[in-house]
Amino acid sequence: MKTKHLLYSVLLCAIFFSAQSVKAQSTTSPDTVCAGKAGVPYYISKTPGSVFHWVVPNGTIASGNNSDSITVNWSTTSGTDTIKVVEVNAHGCIGDTQKLAVYRMPLPTATITGIDSVCWNNTINSFNVSFTGVGPWNFTYSNGTTSTSLTNISANPYTVNLGHLAATTTYTITAVSNKFGCTGTFSGSHVVEVNPKPTTSAIYHK
């Protein structure tokens, strides 16, 4: 009889999920997570003797299924999902469906391109960095010898001013992230060709 009662509870649980019943929501604002992030924890208050049935669209429950605490490996694509959980207590009674909206943020990217040709005494040198994803962004660029990190960038594209350059220099991006801690990919390079000044001979006369 107890087995039959448990099967009946599980069946009711499935009906709850398929109907997508709207019950209490655990937060007033969507949660945010980096797309592709693994091992993200979610939990509810523990009730001794209860079983918890979770549904995580576009994510894989890595551990804790049927318990009060789970970890999720999220899809690498961006989008918004709703985590749902239904509690079945020790008496086989089913609780309200609890929901949490989760926004999977696209990972940031940073790109630089181009070649500039300048004279040796040019003091106005720069390159632009173009971003995708959710900002503000943080990034690091290198000239092959020295790395420079900039944070909380909201302009897109963003102009990096270089000042005077003594020789031809190639710049590359070596890291990009956003304020939410999402790390992304970077590509391209920017070359500033510094042309030497002419060497003029002495003045002669015949």
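Bear in mind the structure is a predicted one, so any value in this text is a computation, not a measurement.

(A) Fine view of the environment of Thr97. Assignment of secondary structure puts Thr97 in the loop between β6 (79-88) and β7 (98-105). Expressed as a C-alpha distance, the spacing of Thr97 and Val86, which sit eleven residues apart in the sequence, is 4.9 Å.

(B) Spotlight on the sheet that holds strand β5 (residues 69-74). Taken in spatial order, the three strands line up as β2-β5-β4 in an open sheet, and their pairing is antiparallel. This sheet does not close on itself; its edge strands, each paired only once, are β2 (40-43) and β4 (59-63). With strand direction ignored, the average angle separating the axes of adjacent strands in the sheet is 40°. Where β4 meets β5, four bridges bridge the pair, whose relative direction is antiparallel. Looking across to β5, one finds that Ile61 is bridged to Val72.

(C) Looking closely at the confidence of the model for the chain. Across the chain, pLDDT averages 87, with 86% of residues at or above 70. Residue range residues 1-26 is modelled with pLDDT below 50. Its contacts to residues more than four positions away, or to other chains, number 35 contacts.

(D) Structural context of the state of the cysteines. With the rule as written, the count across this model stands at one disulfide. The residue that forms a disulfide with Cys34 is Cys182, at a sulfur-sulfur distance of 2.0 Å. Of note, the bridge from Cys34 to Cys182 carries an S-S torsion of about -95° and is left-handed in sense. In this pair, Cys34 is assigned in strand β1 (residues 31-34) and Cys182 in the loop between β14 (169-178) and β15 (185-195), connecting sequence segments 148 residues apart. Since its relative accessible area comes to 1%, Cys182 is described here as buried.

Cut-off values and rules
- Residues numbered from 1 in each chain as written.
- Predicted model: local features only at pLDDT ≥ 70, side-chain atom pairs only at ≥ 80, totals over all residues.
- Heavy atoms only, no water.
- Helix = DSSP H or I, 4+ residues; strand = E, 2+ residues; numbered from the N terminus.
- Pairing = 2+ DSSP bridges.
- Axes fitted to C-alpha atoms, helices over the stretch in contact; angles between N-to-C directions.
- pLDDT = per-residue confidence, 0-100.
- Contact = heavy atoms within 4.5 Å.
- Disulfide = S-S within 2.5 Å.
- Buried < 20%, exposed > 50% of the residue type's maximum accessible area, 1.4 Å probe, protein only.

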